[in-house]
Amino acid sequence: MTHVEPEVPATIPTARAAAPGVAGPRIVALDCYDVRFPTSLTHDGSDAMNPDPDYSAAYAVLRTDREDLAGAALCFTIGRGNEVMVNAITALSADVVGRYVDDVVGDLGGFSAGLVGDSHLRWLGPEKGVMHMAIGAVVNAAWDLAAKVAGKPLWRLLADLTPEQIVGLIDFRYLEDALTPAQALEILRAAAVGREQRIAELERSGYPAYTTTPGWIGYSDEKLVRLSRQAVADGFTQIKLKVGADREMDARRMALAREAVGPGIRVAVDANQRWGVSEAISAITALAPWDPHWVEEPTSPDEILGLAAIHAAVAPVKLAVGEHVANRVIFKQLLQAGAADFLTIDASRVAGVNENLAILLLAARFGVPVCPHAGGVGLCEMVQHLAMFDYAAVSASMRNRVLEYVDHLHEHFTDPVRVTGGRYLAPTAPGFSATLRPESLRDYEFPHGSVWQQLGGR
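Scope of this entry: the structure provided in the associated data block.

Description of the sheet that holds strand β1 (residues 27-36)
Strand order in the open sheet formed by three strands is β1-β2-β3, with antiparallel pairing between adjacent strands. Looking at strand neighbours, the two that pair on one side only are β1 and β3 (70-77), the edges of this open sheet. When the angles between neighbouring strand axes are averaged without regard to direction, this sheet yields 15 degrees. As paired elements, β1 and strand β2 (residues 56-64) share nine bridges and run antiparallel to each other. Bridging from a neighbouring strand, I27 pairs with T64 of β2.

Here it is as structure tokens:
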């Protein structure tokens, strides 16, 4: 890993010179697959903005000339457009194919900075949108590769790094008015106290979860009530409902959920960006009698001043933002504006692990809990590693922190999440937990997989 001297930490990681005589396995291909699951048939994943999603993955694989060694990750989409993401990931092949694995995993700061800094591709953002997410998939696949080489689950690989190594992975450009490398080192060094005990706690007891499984907007009232009660029986102390399609329906569903789970269970709601600023204030005020734990994405994720205005107007109701926030710069400004009480980072929205490390440190600097977004396909598998690393080595706290869980599609992964008693159990297999089963890849690749052939390719 890149090492940064404590006295003069670098602002932007740069690729180091290759050591003479480097050998070992090489990356020989960057393969990407269009994988889609027809979740719209059962309304799984439905919300006010996205009523008919087909949970999908642009599945990236860094193949090496060793048959038993590959790095895998994915970008999550909801159906049409997944082919655009596949093409964007494939466009990065020239930047990675032919590299020695040791060079990549030994300098993941430089590797990430090199992909993000490609001026021709950066022009398409800059540092946002499809190309940025594609870079995130390749960076995450490289981290999966690194964790497999090290023989560790990713969260543990990250937790075992020194503060200097972590800082050396991060691009601090555009952040230094809120977080400097020296301040990041201070946060990480403070969290080093008790780190081994927290790692042992994670391995023993896992990480607290909440579930969105009961709350999809396309579910009937009966299904909402039944799944809400089941969530409590399964040990969850927080559930989440989708809102925003209809004010009267939102109130009815919130009342049903509150009656089903009782006053001691937290009920969060998620508007998925449905409202404008004034509309959000009015809608949240109407929901306040049912004591929402937070309101997630009440308006556009880019609406920094609007989110700050909503936050001030609806207090003490809390806001959660982050699932669709494009990069570390917007996260920084949301925190500076006091616009969010919780950050809901996503494993595949920004440019991979490196940028999420920056966001975790920003959150720690501002004292805002991180409650990662999951669900989707593969997001639970990946983001659990970031949440556990955060507890072990950054925030050193589980107070007001929960990790989203949705009981969909885990059976398609070779190392699926394990949730019991309302807690994620710590992954133990080497890697980022994002490797798809060969049979799932075969059956659900779009449009030629067997499942899609049965559906007529649509």
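So much for the structure itself; the text now carries on.
Overview of the pattern of salt bridges
Enumeration over the complete set of coordinates arrives at 24 salt bridges. Notably, a salt bridge pairs E203 with R156, separated by 3.0 Å at the nearest N-O pair. Taken together, the positions of E203 in helix α10 (residues 195-205) and R156 in helix α7 (residues 154-159) put the pair 47 residues apart, joining distant regions of the chain. We classify E203 as partly exposed; its relative accessible area is 49%. Put simply, D443 and R442 hold a salt bridge, and the shortest N to O gap is 3.3 Å. R442 gets classed as exposed once you look at its relative accessible area, which sits at 55%. Ionic contacts of the salt-bridge type, sharing partners, join the residues R122, E127, D171, R173, R328 and E355 into one network.

As for the environment of V101
Here V101 shows up in helix α3 (residues 101-105). Look at V101 and you get buried, because its relative accessible area is 1%. Linking V101 and A23, residues 78 residues apart in sequence, is a C-alpha distance of 8.9 Å. When sequence neighbours within four positions are dropped, the list of residues in contact with V101 reads P25, R26, I27, T64, L145 and V149.

Considering empty space enclosed by the protein
Taken as a whole, this structure holds three cavities of 30 Å³ or more when the rule is applied. As a volume, the largest cavity reaches approximately 130 Å³. Surrounding the largest cavity, 15 residues form its lining, S112, V116, D171, N354 and E355 being those nearest its centre. Broken down by secondary-structure element, the contributors of at least two residues to the lining of the largest cavity are α4 (108-116) and α16 (353-366). Broken down by element, the residue count for the lining of the largest cavity peaks at four residues, all from α4. Looking at the lining of the largest cavity residue by residue, the class counts come to seven nonpolar, four polar and four charged. Of the voids in this model, the second largest cavity is the one considered here, and its volume is about 60 Å³. Considering the residues around the second largest cavity, the lining is formed by V116, L121, R122, L124, G125, P126, E127, K128, M131, H132 and I135.

Let's talk about the packing of aromatic side chains
Enumeration over the complete set of coordinates arrives at eight aromatic pairs. A ring pair is formed by F37 and Y444, whose centres lie 4.5 Å apart and whose planes are at 35 degrees; its orientation type is tilted. Placement of F37 in the loop between β1 and β2 and of Y444 in helix α18 (residues 438-444) is noted, with a sequence separation of 407 residues between them. Ring centres of Y55 and F76 lie 5.1 Å apart, and the angle between their planes is 80 degrees; this geometry places the pair in the edge-to-face category. Highlighted residues: Y55 in the loop between β1 and β2 and F76 in strand β3, separated in sequence by 21 residues. Like Y55, the residue F76 is buried in the burial classification. The rings of Y210, W294 and F342 are connected pair by pair, giving a single aromatic cluster. Positioned over the ring face of F446 is R36, at 3.9 Å from the centre of the ring.

Considering the nonpolar core
Generally speaking, soluble globular proteins have nonpolar side chains that are buried together. Counting 152 residues, the largest nonpolar core has I89 and Y424 as its most contacted members. Sorting elements by how many residues they give to this core places helix α6 (residues 129-150) first, with 13 residues. Core analysis: the next-biggest nonpolar cluster, separate from the first, contains seven residues, Y210, F342, C371 and V402 among them.

Section: the pairing of β2
Extensive coverage of β2 is indicated by the burial of eight of its nine residues. What sits between the antiparallel neighbours β2 and β3 is a turn of five residues.

Comments concerning the environment of V368
Structurally, the position occupied by V368 is in the loop between α16 and α17 (379-394). Setting aside residues no more than four positions away along its own chain, V368 makes contact with L335, A340, D341, F342, L343, A363 and R401.

A short note on the layout of surface pockets
The computed volume of the largest pocket comes to approximately 780 Å³. Around the largest pocket sit 38 residues that line it, and N50, F76, T77, I78 and G79 are the ones nearest its centre. Listed by contribution, the elements that provide at least two residues to the lining of the largest pocket are β3, α1 (82-90), α6 and β5 (238-242). Among the residues making up the lining of the largest pocket, the classes are represented as 13 nonpolar, 12 polar and 13 charged. Taken as a whole, the second largest pocket spans an internal volume of roughly 330 Å³. For the second largest pocket, the lining is made up of 19 residues, of which Y59, K148, T414, T435 and L436 are closest to its centre. Those elements that provide at least two residues to the lining of the second largest pocket are β2, β3, α6 and α18.

Side note on the environment of I284
As for its placement among the helices and strands, I284 is situated in helix α13 (residues 277-287). I284 gets classed as buried once you look at its relative accessible area, which sits at 1%.

Rules behind the numbers
Residues numbered from 1 in each chain as written. Predicted model: local features only at pLDDT ≥ 70, side-chain atom pairs only at ≥ 80, totals over all residues. Heavy atoms only, no water. Pairing = 2+ DSSP bridges. Helix = DSSP H or I, 4+ residues; strand = E, 2+ residues; numbered from the N terminus. Axes fitted to C-alpha atoms, helices over the stretch in contact; angles between N-to-C directions. Salt bridge = Lys/Arg side-chain N within 4 Å of Asp/Glu carboxyl O. Buried < 20%, exposed > 50% of the residue type's maximum accessible area, 1.4 Å probe, protein only. Contact = heavy atoms within 4.5 Å. 1 Å grid on protein atoms, 1.4 Å probe; cavity = no way out; pocket = protein on both sides within 12 Å on 5 of 7 lines; lining within 4 Å. Points joined across faces, edges and corners; volume = space filled by probe spheres on them. Nonpolar A, V, L, I, M, F, W, Y, C, P; charged D, E, K, R; others polar. Phe/Tyr/Trp six-rings, centres within 6.5 Å; stacked < 30°, edge-to-face > 60°. Lys NZ or Arg CZ within 6 Å of the ring centre and 35° of its normal. Core = buried A, V, L, I, M, F, W, Y, C linked by side-chain atoms within 4.5 Å.

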